[in-house]
Amino acid sequence: MKKETNRWVVLISSMGILLCTGIVYTFSVFAGPLAELRGWTVPDIMMAFAINSAVGPIPMIFGGYFTDRGWAKWIARIGVVLFGISFAFTGQATSIFQLYLIYGIFGGFAQNFAYSACLSNTIRFFPDKKGLASGLITGGMGGAAIIAAPIANTLIERYGVSQAFWRMGLAYALVGFCFSLFIRSAPKQIVPLADTASEKTSAPAKAITANKNWKEMLATPAFYLLILMFAMGAFSGLMIASNASLIGQSMFGLSASAAAAYVSLYSLSNTSGRVFWGAVSDRIGQIRAVIIIYSAIIFAFVLLVSVNQVWAFAVGVVTLGLCFGGVMGVFPGLVMDNFGPANQGVNYGIVFIGFSSAAFVAPKVTASLAAANNGDFTKAFYVAIGVVLIGLGLSLVYSKRKTTIAKAAVEMVQ
C-alpha cells in the first residue's frame with residue numbers, strides 16, 4: 001500500500017514540475033510586447049522558441065542518462081530551477097543573441113532536462129498504467145499554457161513584459177523546487193502491484209520487458225519504425241499548433257479574436273488527448289491506439305479540405321488536438337514496451353529526435369506552402385495527409401511484426 005501511494009505522489013509531483021516548465025508554450029503571449037519594447041521583429045523573437053524546441057533531444061538524452069542511474073530527483077530539480085531562472089532573465093535580454101542564448105539554448109536545455117527526468121522516471125512506477133501515467137505527465141506540460149497565459153497577460157499589462165518574465169520565472173522556479181522534494185527514483189524493473197498480489201504468473205511476466213541499452217536499441221528494426229512513426233504522427237499536430245490562428249482567419253473567415261479562441265480550444269484538446277489516449281492505450285494496446293489516432297488525423301484533414309464551414313474547422317481543430325496529444329501520450333509507453341524500463345531515459349531521448357525533426361520541418365513547410373498560395377493552407381493539408389498515410393502504413397507494419405514476434409514467443413514456450 002505504501003508503494004501504491006508513493007508512486008501517485010511521484011506522478012503528481014512530476015505533473016507539477018512540468019506545469020512549471022510548460023510556461024514555455026505561452027511564449028507567443030510575450031512575443032508582441034517584447035518586440036515593442038526592444039524593437040525586434042516577431043519572427044526574430046519566435047526563432048528563440050524554435051531553438052528552444054530544437055535542442056530538446058540533447059538534454060533529454062543527457063538527463064535521461066542520469067535519470068536511468070537513480071538521479072531523477074536531482075535532474076528534475078536542477079532542470080525546473082534553471083528553467084525558471086532562464087525564463088526570469090529572458091526579459092532582461094537586450095540583444096537578440098542574448099534572447100537566443102538565454103531562452104533558446106539555456107531554457108531549452110533546462111526544460112527538457114526536467115521533462116526527461118519526470119517522464120522517464122515516473123512511468124517506471126506504472127508498468128500497468130504506462131499510457132495513463134505518460135498522458136497525465138505530458139498533459140501537465142501541455143495544459144500549462146491554459147493557466148499561464150492569462151496570468152502572463154495580466155502581469156504584462158500591470159508591470160510590463162520584462163517584469164512579467166522576471167516574476168513568473170522566479171515563481172515557477174520556487175514552485176518547481178517544492179514539487180521536486182517529493183520525487184523519488186523508480187526501480188529499473190518494477191512489477192505492477194495488482195499483479196504481485198495475484199497468483200497468476202502470466203500477468204507479471206507480460207509486464208516485464210527485456211532491457212536494451214541505446215546501442216542494442218539502434219540494432220533493432222523497431223527503433224527505426226518508432227522514430228519515423230513519431231515524426232509523422234507529430235507533423236500534423238505541429239502544423240496546426242503553429243498556424244491555427246492563420247488557418248482560421250485565411251480559410252474560414254474568422255476574426256483574429258475568434259481565431260485566438262480556437263487556438264485555446266486546440267491547446268485544451270491537446271492536453272485532454274494526452275490523458276484520454278494514454279488511458280485508452282492501456283486497454284487496447286499502444287499500437288492499436290496509434291493506428292486509430294493516425295486514421296482520425298486523416299479524417300480531420302480530409303474534412304478541412306472538403307468542407308469550407310466553420311463547424312468543420314472546429315471539428316478539425318478538436319480532432320487534431322486530441323490526436324496530437326495522443327501521439328505525445330502514447331509513444332513513451334511504446335518505447336518502454338520495446339526496450340524495457342532500465343534505460344528509458346536515454347532510449348526515449350533518442351526516439352524523441354523524431355519529434356524534434358518534425359518540430360523543425362512542419363512549421364516551415366506549412367508557412368512556405370501557405371505563402372506560395374496566397375494564404376491558402378490546402379496544399380499543406382494534402383502534404384500532411386500524405387505524411388500521416390505513410391505513418392499509418394508503418395504502424396501497420398509494426399503491428400504485424402509485433403504479432404509475429406509474439407506468436408513465435410508463445411510457440412517457443414510451448
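Computed from a predicted model, the values in this text were never measured in an experiment.

Student: It is not clear to me how helix α17 (residues 344-351) should be interpreted in this structure. Could you clarify?
Tutor: For an α-helix, the turn length of 3.6 residues means that residues three or four places apart are oriented alike. Counted residue by residue, α17 has eight buried out of eight residues, so it is predominantly covered. By the burial criterion, the buried members of α17 are Q344, G345, V346, N347, Y348, G349, I350 and V351.

Student: How should unusual backbone geometry be read in this particular structure?
Tutor: Leave glycine aside and you will find that most residues have negative phi; peptide bonds, for their part, are mostly trans. A positive phi angle, near 55 degrees, is found at N374, a position not held by glycine. Checked against the element boundaries, N374 lands in the loop between α18 (353-372) and α19 (378-413). Residue classification places N374 among the exposed residues on the basis of a relative accessible area of 78%.

Student: When you look at the confidence of the model for the protein chain in this model, what are you seeing that I'm missing?
Tutor: The predicted structure's coordinates, where accompanied by low pLDDT, should not be read in detail. In the predicted model, the protein chain carries a mean pLDDT of 85, and 91% of its residues have values of at least 70. For the stretch residues 1-5, pLDDT sits under 50, and the model shows three contacts to residues farther than four places along the chain or on other chains. Within the model, pLDDT remains below 50 along residues 194-207, and this stretch shows seven contacts once partners closer than five positions in the same chain are excluded.

Student: I tried to follow the environment of I247 on my own but got confused; where do I start?
Tutor: Among the structural elements, I247 can be located in helix α13 (residues 221-252). The class of I247 is buried, set by a relative accessible area of 1%. For the pair formed by I247 and F377, sequence separation is 130 residues and the distance between their alpha carbons is 6.8 Å. Residues contacting I247, with those up to four places away along its chain left out, are I240, F252, F313, F377 and F381.

Student: For this particular structure, what's the right way to read the packing of aromatic side chains?
Tutor: Given two aromatic rings, their pairing is described by the distance between the two centres and the angle made by the two planes. A full pass over the atoms with the stated rule returns 25 aromatic pairs. Relative to F313, the ring of Y262 lies with its centre 5.1 Å away and its plane at 50 degrees, an arrangement referred to as tilted. Of this pair, Y262 sits in helix α14 (residues 256-284) while F313 sits in helix α16 (residues 310-339), placing them 51 residues apart in sequence. When its relative accessible area of 18% is taken as the criterion, Y262 is described as buried. Aromatic rings pair up to connect Y115, F230, F324, F331, Y348, F352 and F355 into one cluster. Stacked on the ring of W74, the Lys or Arg R77 has its end atom at 4.7 Å from the ring centre.

Student: I'm lost on the side chain of S120 in this one. Help?
Tutor: Structurally, S120 is set in helix α6 (residues 96-122). If we skip the residues at most four places from it in the chain, S120 touches Q344 and G345.

Student: What am I meant to see in α14 here?
Tutor: The end-to-end C-alpha distance of α14, which contains 29 residues, comes to 40 Å, matching closely the 42 Å that a straight helix rising 1.5 Å per residue would cover. For α14, the set of buried residues is A259, Y262, Y266, S269, N270, T271, G273, R274, W277, G278 and S281. The residue sitting at the N-terminus of α14 and contributing the capping side-chain oxygen is S255; that oxygen lies 3.2 Å from the backbone nitrogen of A258. Downstream of α14 by a residue or two, G285 has a phi angle that is positive, lying close to 100 degrees.

Student: I would appreciate a short explanation of the packing of helix α5 (residues 72-90) against α6 in the present structure.
Tutor: A pair of packed helices can be characterised by two numbers: the angle between their axes and the separation between those axes. One can describe the packing of α5 onto α6 by two numbers: an axis separation of 8 Å at closest approach and a directional angle of 155 degrees. Classed by the angle they form, the pair α5 and α6 counts as roughly antiparallel. Here α5 runs over α6; the crossing is left-handed. For the pair α5 and α6, the contacting residues are A72, I75, A76, I78, G79, V80, L82, F83, S86, F87, F89 and T90 in the first and L99, I102, Y103, F106, G107, A110, Q111, F113, A114, A117, C118 and N121 in the second. When the residues that make up the contact of α5 with α6 are grouped by side-chain class, the tally is 18 nonpolar, six polar and no charged.

Student: Mind showing me how you'd approach a nonpolar patch on the surface here?
Tutor: On the surface, W71, W74, I78, L82, I85, F89 and F106 cluster together to form a nonpolar patch covering roughly 640 Å² of accessible area. Note on placement: W71 falls in the loop between α4 (57-67) and α5.

Student: How should I be thinking about the side chain of R124 in this particular structure?
Tutor: Relative to the elements of secondary structure, R124 occurs in the loop between α6 and α7 (130-142). At 3.2 Å, the side chain of R124 and the backbone oxygen of A342 are in polar contact.

Student: Is there a simple way to think about the pattern of salt bridges in this case?
Tutor: Once their charged atoms are close, side chains differing in charge can pair, the charge on each being opposite to the other. Counted according to the given criterion, the structure contains four salt bridges. Across the pair D128 and R7 runs a salt bridge, and its minimum N-O distance is 3.1 Å. With D128 in the loop between α6 and α7 and R7 in helix α1 (residues 2-21), this pair connects stretches of sequence that are 121 residues apart. Relative accessible area serves as the criterion here: at 26%, D128 is assigned to the partly exposed category. Where D68 meets R124, a salt bridge forms, and the shortest distance between an N and an O atom there is 2.3 Å. Here R124 lies in the loop between α6 and α7 and D68 lies in the loop between α4 and α5, a separation of 56 residues in the sequence. Residue classification places D68 among the buried residues on the basis of a relative accessible area of 3%. Overall, the relative accessible area of 2% leaves R124 in the buried class. Linked through salt bridges whose partners overlap, the residues forming this network are R7, D128 and K129.

Reading the values: the criteria
- Residues numbered from 1 in each chain as written.
- Predicted model: local features only at pLDDT ≥ 70, side-chain atom pairs only at ≥ 80, totals over all residues.
- Heavy atoms only, no water.
- Buried < 20%, exposed > 50% of the residue type's maximum accessible area, 1.4 Å probe, protein only.
- Helix = DSSP H or I, 4+ residues; strand = E, 2+ residues; numbered from the N terminus.
- pLDDT = per-residue confidence, 0-100.
- Contact = heavy atoms within 4.5 Å.
- Phe/Tyr/Trp six-rings, centres within 6.5 Å; stacked < 30°, edge-to-face > 60°.
- Lys NZ or Arg CZ within 6 Å of the ring centre and 35° of its normal.
- Expected span 1.5 Å × (residues − 1).
- Polar contact = N/O pair within 3.5 Å; in protein donor to acceptor, adjacent residues only side chain to side chain.
- Axes fitted to C-alpha atoms, helices over the stretch in contact; angles between N-to-C directions.
- Parallel < 35°, antiparallel > 145°, perpendicular 65-115°, else oblique.
- Left-handed = near helix turned anticlockwise from the far one by under 90°.
- Nonpolar A, V, L, I, M, F, W, Y, C, P; charged D, E, K, R; others polar.
- Patch = residues over 30% accessible without salt bridge, like charges linked within 9 Å, V, L, I, M, F, W, Y side chains within 5 Å.
- Areas by Shrake-Rupley, 256 points an atom, 1.4 Å probe, with all protein chains shown as cover.
- Salt bridge = Lys/Arg side-chain N within 4 Å of Asp/Glu carboxyl O.

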